[in-house]
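# Reading the structure
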Amino acid sequence: MFDNYKEIAGGICAPAGFRANGVHCGIRKNKLKKDLALIVADELCSTACAYTTNLVKGAPILVTQKNVENGYAQAVIVNSGNANTCNANGVEIAEGMCALVQQHTGVIKENVVVASTGVIGQELSLDPIAGGMEELCAGLRADNEGSAAAAEAIMTTDTVKKETAITFGIAGKMCTIGAVAKGVGMICPNMATMLLFVTTDVNISPEMLRRALAADMKDSVNMLSVDGDTSTNDTICVMANGRAGNTLIDKAGVDYRIFKDALGAVLRKICRMLARDGEGATKLIECRVYNAKKVTDARLAAKSVVKSNLVKAAIFGSDINWGRVLCALGYAGADLDIAKIDVSFRSKAGELLVCQGGYGVEFSEETAKKLLSEDEIYIDVNLNSGVYEATAYGCDLTYDYVKINGDYRT
């Protein structure tokens, strides 16, 4: 994943100039679960955001859109346990959270990104958030523990924290990108359907940061599906403070491409983490479609496979029912010739060709069962029609997904 970059510890605190923390303030009844996170930059940052395409949007998105309209922000506040969505006073609460950040850190409230995640349609009180701000701000740290605390505080049904960081070079300057994320259900985006916060010390203009994020999302978060549902609150926020000292990236060129590729590597790493921890999931599914006529065909085909409930269920049962893959390809809406398609399955246990030219080939069921019993399954689809490719990320569909969502609210 990071062949061209060095992976380091620190998450969102890996780039210089960022501090973070997470605490339990009382939104969640379980006192062992953190529910309030804060990320603060030492200076105003170029900022780019992307949001859910769901017409039902959480109030925090409406406030954040207004606050970052000028392309700058300096802090991020996030609560879990309540989505602050479909609430009559939702905008008031979201704005109140921004005001609390200003009160306790000095960051102007209009420079705050606000996000919420959790149950939809339940009123959110500002009282527990206000009560937790002193502890939250006092514990801000620019190290691994600060990032880890924030990553934990934004979790809902996630079972593990998601954070990563890399270093790379731009014109002789060492640069860093860090990220934390949450989201293991309601993930099937036309863009970002999770909470994902990225920090970097790269010196880049807001316009070019937005362009890089929009370009990278096409092959990362837009290629992720856990369950086919699109959430209401999902937000990606990328903040760049310029501490690396590289010449300002304000136009397309070599430096821009290096940064864009590095950001893409981080986003794809996060996608694999999110898919691997999908609600109730036991296996990561990664589908690579290659030799397509157009990149849009490759994307449509790959995502159709990982979205298929029948494919997901078969992977859960370690049943190499490859006909379901062809079925998903057939309704993907991609321009492809079924008579040219080859399909193979891979895992740590080996590789197995199951379909060639649109028809099945002989294979060992015993070998197939062993191959699909691993926890990371790769489906390779060769369309034999062009030169373009795309990869989609998903997970298996298990009994536990139904259990988790059957009583999620209660």
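Look above for the structure.
Residues numbered from 1 in each chain as written. Predicted model: local features only at pLDDT ≥ 70, side-chain atom pairs only at ≥ 80, totals over all residues. Heavy atoms only, no water.

### Structural notes on unusual backbone geometry
Leaving glycine out, the prevailing phi sign among residues is negative, and the prevailing peptide bond configuration is trans. Quick note on the threshold: Under the scheme used here, helices are H or I runs from DSSP no shorter than 4 residues and strands are E runs no shorter than 2 residues, and both carry numbers assigned from the N terminus.
Even without a glycine there, the phi angle at A171 is positive, about 50°. With respect to the secondary-structure elements, A171 resides in the loop between β6 (162-170) and β7 (173-182). Even without being glycine, N291 reaches a positive phi, approximately 60°.

### Here we look at the pairing of strand β10 (residues 284-292)
Heads up, the condition is: DSSP-based pairing: two strands are paired if at least 2 bridges between them are found.
Pairing geometry for β10 and strand β14 (residues 376-382), over 7 bridges, is parallel. Bridge pairing in β14 links E286 to Y378. Two elements, β10 and strand β15 (residues 388-395), share 7 bridges in a ladder whose sense is antiparallel. Each residue of the ladder has a partner; that of R288, found in β15, is T391.

### Here we look at the sheet that holds strand β12 (residues 350-356)
Pairing in this open sheet of 6 strands is mixed, and the strands run β13-β12-β11-β14-β10-β15 from one edge to the other. The two strands at the open ends of the sheet, each matched to only one other strand, are β13 (359-360) and β15. Here 5 bridges tie strand β11 (residues 342-347) to β14, and the two strands are oriented antiparallel to one another. When the sheet's bridge partners are listed, V343 is paired in β14 with V381.

### Overview of the packing of helix α2 (residues 90-105) against helix α3 (residues 127-138)
Put simply, the rule reads: Every angle, taken between N-to-C directions, lies between 0 and 180 degrees, and every axis is a line fitted to C-alpha atoms, over only the stretch in contact when it is a helix. By definition, turning the near helix anticlockwise from the far helix through less than a right angle yields a left-handed crossing, and turning it clockwise yields a right-handed one. What makes two residues a contact is simply this: any of their non-hydrogen atoms within 4.5 Å. Under this grouping Gly is polar, as are all residues other than the nonpolar Ala, Val, Leu, Ile, Met, Phe, Trp, Tyr, Cys and Pro and the charged Asp, Glu, Lys and Arg.
At a minimum axis distance of 10 Å, the contact between α2 and α3 shows a crossing angle of 40°. α2 and α3 meet at a crossing whose hand is right-handed. Here M97, L100, V101, H104 and T105 of α2 lie close against α3, whose contacting residues are I129, A130, M133, E134 and C137. Looking at the contact of α2 with α3, its residues break down into 7 nonpolar, 2 polar and 1 charged.

### Quick word on the pattern of salt bridges
In plain terms, the rule: Whenever Lys or Arg places a side-chain nitrogen within 4 Å of a carboxyl oxygen from Asp or Glu, that contact is recorded as a salt bridge. Burial classes: relative accessible area under 20% of the type maximum marks a residue as buried, over 50% as exposed, and values in between as partly exposed (1.4 Å probe, protein chains only).
Enumeration over the complete set of coordinates arrives at 20 salt bridges. Its salt-bridge partner being K34, residue E152 comes within 3.5 Å of it at the nearest N-O pair. With E152 in helix α4 (residues 144-153) and K34 in the loop between β2 (18-23) and β3 (36-51), this residue pair connects regions lying 118 residues apart in the sequence. The partly exposed category is assigned to E152, whose relative accessible area is 27%. Where R272 meets E286, a salt bridge forms, and the shortest distance between an N and an O atom there is 2.7 Å. Of this pair, R272 sits in helix α6 (residues 254-276) while E286 is found in strand β10, placing the two residues 14 residues apart along the sequence. No difference in accessibility class separates R272 from E286, as the two residues are buried. Connected through salt bridges with shared partners, the residues R19, D42, E43 and R243 form a single ionic network.

Structural measurements only, silent on function.
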